[in-house]
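# Inside the fold
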Amino acid sequence: LVGPAAMRQLQSSRVNTTEAQIGQLRTAIDIFAIDTGRVPSETEGLTALISNDSAVPGWNGPYLRDGQLPQDAWGRGFIYALDGDQVRVISLGADGQAGGTGNNADIAR
């Protein structure tokens, strides 16, 4: 009885942790945009938050603690995407595959 309940709680905690990490990445992107006047390009991706390899004027980072990109709660990197001028940071959830339901659902913001 305890096993399934504990696994559900663990998965829920992973989702919550990943959502919080996405929130932190979004905040870092916002600060990057304030400093530079733009969000990172898709080519630069989230790496622009920790390194100024593209020599972006106004860059005042790194924008993440310890100068490292976090991984989601399942140990995978986040996906950075631009849809027009809208930024999306995405985790592919527990299964690491696009789409899905429940714990396997993508987490995006």
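To be clear, the structure that these remarks concern was listed above.
Keep in mind the model is a prediction, meaning the values are calculated, not measured.

Each helix and strand in the chain was counted, giving one helix and three strands. Tracing the chain from N to C terminus, the helices and strands come up as α-β-β-β. The dimensions of the chain, computed from C-alpha atoms along their principal axes, are 55 × 30 × 20 Å. In the chain, the proportion of contacts linking residues at least 24 apart, taken out of those at least 6 apart, comes to 41%. Carbon and sulfur atoms provide 49% of the accessible area of the chain, an area that totals close to 6500 Å². Here the chain contributes 8 positive and 12 negative side-chain charges, whose respective centroids are spaced 8 Å apart.

Moving on, we get to the pattern of salt bridges. For the structure on display, the rule yields one salt bridge. Across the pair Arg38 and Glu44 runs a salt bridge, and its minimum N-O distance is 2.8 Å. For Glu44, a relative accessible area of 14% translates into the label buried.

A separate point is the pairing of strand S1 (residues 79-83). Relative to strand S2 (residues 86-91), S1 runs antiparallel, the two being bridged by five bridges. Across the sheet, residue Ile79 finds its bridge partner in S2, namely Ile90. Between S1 and S2, which pair antiparallel in sequence order, lie two residues; one of them, Gly84, sits at a positive phi of approximately 70°.

This part takes up the sheet that holds S2. Pairing within the open sheet is antiparallel, and its three strands lie in the order S1-S2-S3. Since the sheet does not close on itself, it has two edges, and those belong to S1 and strand S3 (107-108), each with one partner. Of the pairings in the sheet, the one linking S2 to S3 comprises two bridges and is antiparallel in character. When the bridges of S3 are listed, Ile90 appears paired with Ala108.

Scoring rules and cut-offs
- Residues numbered from 1 in each chain as written.
- Predicted model: local features only at pLDDT ≥ 70, side-chain atom pairs only at ≥ 80, totals over all residues.
- Heavy atoms only, no water.
- Helix = DSSP H or I, 4+ residues; strand = E, 2+ residues; numbered from the N terminus.
- Contact = heavy atoms within 4.5 Å.
- Areas by Shrake-Rupley, 256 points an atom, 1.4 Å probe, with all protein chains shown as cover.
- Lys, Arg positive; Asp, Glu negative; His and termini not counted.
- Charge placed at Lys NZ, Arg CZ, Asp CG, Glu CD.
- Salt bridge = Lys/Arg side-chain N within 4 Å of Asp/Glu carboxyl O.
- Buried < 20%, exposed > 50% of the residue type's maximum accessible area, 1.4 Å probe, protein only.
- Pairing = 2+ DSSP bridges.

These figures capture arrangement, not role.
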